[in-house]
Amino acid sequence: MSTNVMPSKKINTVSPKKLLLSKWTAAHPSQKRKHFLVSKVILPDLPEQAIEFVELEAVFDHHTQTVHWRELMNQEVWLQGWV
């Protein structure tokens, strides 16, 4: 007998290929920067390597920052969507 286990709500499930223009909310906003868009998926130097980084742009003032895309999985830092 198999049991289906529901994934925990604490884990954001995202694919690096579908991150472009996705919306994120900072769990602890600073300098009025709360809502962000993934403005760029940074491609690796070699095509066979995996995507590692994305560029987030703050909606408030268009400030950009580069983060490892897996950091978006941490709900203590990022919430998926605009909350």
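Attention in this report is confined to the structure presented alongside it. (Residues numbered from 1 in each chain as written. Predicted model: local features only at pLDDT ≥ 70, side-chain atom pairs only at ≥ 80, totals over all residues. Heavy atoms only, no water.)

### Notes on the packing of aromatic side chains
Then, number 1: Taken as a whole and judged by the stated rule, the model has one aromatic pair.
Then, number 2: Here phenylalanine 36 and tryptophan 78 contribute two aromatic rings whose centre-to-centre distance is 5.1 Å and whose plane-to-plane angle is 90°, an arrangement assigned as edge-to-face. Here phenylalanine 36, found in strand S2 (residues 33-42), pairs with tryptophan 78, found in strand S5 (residues 78-80); they are 42 residues apart in sequence, far enough to count as distant.
Then, number 3: The positively charged end of lysine 23 is found above the aromatic ring belonging to tryptophan 82, 4.5 Å away from the centroid. (Phe/Tyr/Trp six-rings, centres within 6.5 Å; stacked < 30°, edge-to-face > 60°. Helix = DSSP H or I, 4+ residues; strand = E, 2+ residues; numbered from the N terminus. Lys NZ or Arg CZ within 6 Å of the ring centre and 35° of its normal.)

### Some points on the side chain of serine 22
Then, number 1: With respect to the helices, strands and loops of the structure, serine 22 is situated in the segment before strand S1 (23-30).
Then, number 2: In terms of polar contacts, serine 22 uses its side chain to reach the backbone carbonyl oxygen of leucine 19, at 2.6 Å.
Then, number 3: Leave out the neighbours within four places in its chain, and serine 22 touches Phe36, Leu37 and Val38. (Polar contact = N/O pair within 3.5 Å; in protein donor to acceptor, adjacent residues only side chain to side chain. Contact = heavy atoms within 4.5 Å.)

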